[in-house]
Amino acid sequence: MDPIIATALNTARARGAEYADVRLVSNREQRIVVRNGVMETMTADESVGLGVRALYNGAWGFASTRELANAGADQAAGQAVQIARASAGQNGAGLTAARLLGGPVASRGSYTTPIGIDPFTVALGDKLALLLAADTEMAAVPQVSARMANVVFIREERTFANTEGARVSQTIYEAGGGVQATAVGNGETQRRSYPQSHGRQQGCAGWEYVVEMDLAGNARRIAEEAAELLTAEPCPVGITTDLIIDSSQLALQIHESCGHAVELDRALGDEAAFAGTSFLTPDLLNDFRYGSEQVNITADSTSATGLGTFGWDDEGLPAQSTDIIRDGQFVGYLMSRESATRLGLPSNGCMRASSWNRIPLIRMTNVSLEPGEWTLDDLIADTDDGIYLETNRSWSIDDRRYNFQFGTEVGREIKNGKLGRLLRNPTYTGITPEFWRSCDAVCGPEHWTLWGTPRCGKGQPGQIAHTSHGTSPARFRNVRVGVMH
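Draft legend 1. Highlighting the domain arrangement of the protein. The assigned domain composition of the protein is domain 1 (3-231) and domain 2 (234-481). Each of domain 1 and domain 2 has a C-alpha centre, and the two are 21 Å apart. Between domain 1 and domain 2, the contact holds 57 residues from the first and 44 residues from the second. The interface formed by domain 1 and domain 2 holds eight salt bridges in total. Between glutamate 409 and arginine 191 there is a salt bridge, with the nearest N and O atoms lying 3.2 Å from each other. Remark: the boundary between domain 1 and domain 2 carries 27 residue pairs in polar contact (both at pLDDT 80 or more).

As structure tokens, this is what we get:
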């Protein structure tokens, strides 16, 4: 593919681009879904193509092609420059590439996700047997009327090159799986999921990642919990209490109230039309208390198994770890080369595109809450009155990532330092900085899990990004619960 990439870059230069980059992407995905004992879905999708991004007089142009030949590369590059020229005529930016992008990026090398077993070498029969075994366990609980088990495997090969001399190649593997049981009775419908909600847990790993989840070994337990919720006490309505939030729910809390809020394109207003803006505007950087001193959040694209882990982002910047919140203070954004330059900062490599036919956007890498020092048992014992919340069920948050409400699949009452009765339909609500400032304890690394979020939407046309968030359970004081009982 070297001649095709060279053709695209040469054409972009010849047409007047001050800067251009090329991404050649090949993607393969396999998905198997078993529902109520029957294989509902077995798909194998493949996609390959070339995307060209060009900069002219402060404006971007982008074009893509499935035609992997010199003619296709030439046409896509020419179209990208043509779009950039037309855009420059409209906005009159007059910005040179040097002013817009800062110093050159000329990365070289290759990267492959560390895996144990290539999931595409595992027989379909073995994958199906794993799902059917989990389904059998859930079916043993009479109240469960709907059962789902699924696995997903992805291999993406990406080559990136730019007019500054960068040339990097990557092979990224992903593996994921999960089970879900829905129970009906007593005028209620209740759901329990494992390892997390919304279908599955997913990471950059191989077949071993799914095997280690032990879906069959946990399937009956979650089915029994779904049935138990049918007769559980409802969550108290409209009270203020202490919460201990489990790591899977807290991961989504981080995603919605921190991860999106620190995307610099949102903070600058560039994504206002679709994804909204952010209350964390640039004037607050290094001068705003986002949370308590217990809150330390990083953006790390080097974390093992993270869906935001790679060798280089889609601007050729190497994977790295940067502080976002340090001792509760807001200290960093997720940035691109262009947006970072507008703040006089170096980019921390957060530009990614969902496919070869999409332009890169600022996306989350692995935005994670660093572990504290508590054990979960000690944290529960230290809580006189509260609720322990597990596994997301619903969420809502405003466009500025400021006011939110979340619901979880299950709650457990905490009384006098002990877990008590089960609670159904728990919800909690808050204002982002007030909520994170109320955090007074975070559990230690033995409780820390890196949770995959493979359905993060952003952009027009829309793109679905894969991100991860690591966290341990944490305690939050005086939070309002049961608002939408």
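Once you've had a look at it, read on.
Draft legend 2. Layout of the packing of aromatic side chains. Applying the stated criterion to the full structure yields 14 aromatic pairs. Ring geometry for phenylalanine 404 versus phenylalanine 406: centroids 5.5 Å apart, planes at 55 degrees, classification tilted. One aromatic cluster is present, built from ring pairs that chain together Tyr290, Phe404, Phe406, Tyr428, Phe435, Trp436 and Phe476. One cation-aromatic arrangement involves arginine 53 over tryptophan 60; the distance from NZ or CZ to the ring centre is 4.0 Å. The ring of tryptophan 374 is capped by arginine 475, whose NZ or CZ atom sits 5.6 Å from the centre of that ring.

Draft legend 3. Fine view of helix 1 (residues 2-14). The terminal C-alpha atoms of helix 1, which comprises 13 residues, lie 18 Å apart, in line with the 18 Å expected from a rise of 1.5 Å per residue. Along helix 1, the positions that sit buried rather than exposed are Ile4, Ile5, Thr7, Ala8, Leu9, Thr11 and Ala12. Once helix 1 finishes, glycine 16 follows within two positions and takes phi at roughly 105 degrees, a positive value.

Draft legend 4. Seen up close, the sheet that holds strand 11 (residues 297-300). Strand order across the open sheet formed by four strands is 13-12-11-16, with antiparallel pairing between neighbours. Two strands bound the open sheet, and with one partner strand each, they are strand 13 (329-330) and strand 16 (367-369). Bridging between strand 11 and strand 12 (residues 321-326) involves four bridges; their strand directions are antiparallel. Within strand 12, the position partnered with aspartate 300 by the bridge is serine 321.

Draft legend 5. Highlighting the environment of isoleucine 154. Looking at the element boundaries, isoleucine 154 is found in strand 5 (residues 144-162). For isoleucine 154 and tyrosine 173, which are 19 residues apart along the polypeptide, the C-alpha to C-alpha distance reads 5.6 Å. Leave out the neighbours within four places in its chain, and isoleucine 154 touches Asn27, Arg28, Glu29, Phe120, Ile172, Tyr173, Glu174, Gln202 and His466.

Draft legend 6. Fine view of a nonpolar patch on the surface. A cluster of nonpolar side chains, namely Met39, Met42 and Leu124, defines an oily patch on the protein surface of about 240 Å² accessible area. Positionally, leucine 124 belongs in helix 4 (residues 124-139). In this structure leucine 124 comes out as partly exposed when scored by relative accessible area, which is 38%.

Draft legend 7. Quick peek at the pattern of salt bridges. Summed over all chains, the structure comprises 33 salt bridges. Across the salt bridge formed by aspartate 2 and arginine 167, the nearest N and O atoms sit 2.4 Å from each other. In this pair, aspartate 2 is assigned in helix 1 and arginine 167 in strand 6 (residues 167-185), connecting sequence segments 165 residues apart. Within the structure, one salt-bridge network assembled from shared partners comprises Arg191, Arg192, Arg221, Glu225, Glu390, Glu409 and Arg412.

Draft legend 8. Fine view of the environment of serine 339. Counting through the fold element by element, serine 339 comes out in helix 9 (residues 337-342). Judged by relative accessible area, which is 4%, serine 339 ranks as buried. Along the primary structure serine 339 and leucine 100 are separated by 239 residues, whereas in three dimensions their C-alpha atoms are 8.2 Å apart. Among residues more than four places away in sequence, those in contact with serine 339 are Leu264, Leu268 and Ile362. In this structure the side chain of serine 339 is engaged in a polar contact, spanning 2.9 Å, whose partner is the side chain of serine 336.

Draft legend 9. Summary view of the state of the cysteines. Per the stated rule, a full pass over the model turns up zero disulfides. As a non-bridged cysteine, cysteine 258 has cysteine 350 as the owner of its nearest cysteine sulfur, 12 Å distant. Residue class for cysteine 258 comes out buried when judged on its relative accessible area of 0%. Of the cysteine sulfurs around cysteine 439, a residue in no disulfide, the closest is that of cysteine 443, at 9.8 Å.

Draft legend 10. A look at the layout of surface pockets. Within this model, the largest pocket holds a volume of roughly 660 Å³. Every residue lining the largest pocket is counted, 31 residues in all, and those nearest its centre are Asn27, Glu156, Ser354, Ile464 and His466. The residue makeup of the lining of the largest pocket, split by class, is eleven nonpolar, nine polar and eleven charged. Three or more residues apiece are contributed to the lining of the largest pocket by two domains, here domain 1 (3-231) and domain 2 (234-481). Taken as a whole, the second largest pocket encloses approximately 530 Å³ of empty space. Every residue lining the second largest pocket is counted, 22 residues in all, and those nearest its centre are Asp265, Glu271, Ile359, Pro360 and Leu361. Elements with a contribution of two residues or more to the lining of the second largest pocket: strand 3 (59-65), helix 9 and strand 15 (361-362). At three residues, the largest contribution of residues to the lining of the second largest pocket is made by helix 9. Here the residues of the lining of the second largest pocket sort into eight nonpolar, six polar and eight charged.

About the thresholds
- Residues numbered from 1 in each chain as written.
- Predicted model: local features only at pLDDT ≥ 70, side-chain atom pairs only at ≥ 80, totals over all residues.
- Heavy atoms only, no water.
- Domains from an automatic or database assignment.
- Contact = heavy atoms within 4.5 Å.
- Salt bridge = Lys/Arg side-chain N within 4 Å of Asp/Glu carboxyl O.
- Polar contact = N/O pair within 3.5 Å; in protein donor to acceptor, adjacent residues only side chain to side chain.
- Phe/Tyr/Trp six-rings, centres within 6.5 Å; stacked < 30°, edge-to-face > 60°.
- Lys NZ or Arg CZ within 6 Å of the ring centre and 35° of its normal.
- Helix = DSSP H or I, 4+ residues; strand = E, 2+ residues; numbered from the N terminus.
- Expected span 1.5 Å × (residues − 1).
- Buried < 20%, exposed > 50% of the residue type's maximum accessible area, 1.4 Å probe, protein only.
- Pairing = 2+ DSSP bridges.
- Patch = residues over 30% accessible without salt bridge, like charges linked within 9 Å, V, L, I, M, F, W, Y side chains within 5 Å.
- Areas by Shrake-Rupley, 256 points an atom, 1.4 Å probe, with all protein chains shown as cover.
- Disulfide = S-S within 2.5 Å.
- 1 Å grid on protein atoms, 1.4 Å probe; cavity = no way out; pocket = protein on both sides within 12 Å on 5 of 7 lines; lining within 4 Å.
- Points joined across faces, edges and corners; volume = space filled by probe spheres on them.
- Nonpolar A, V, L, I, M, F, W, Y, C, P; charged D, E, K, R; others polar.

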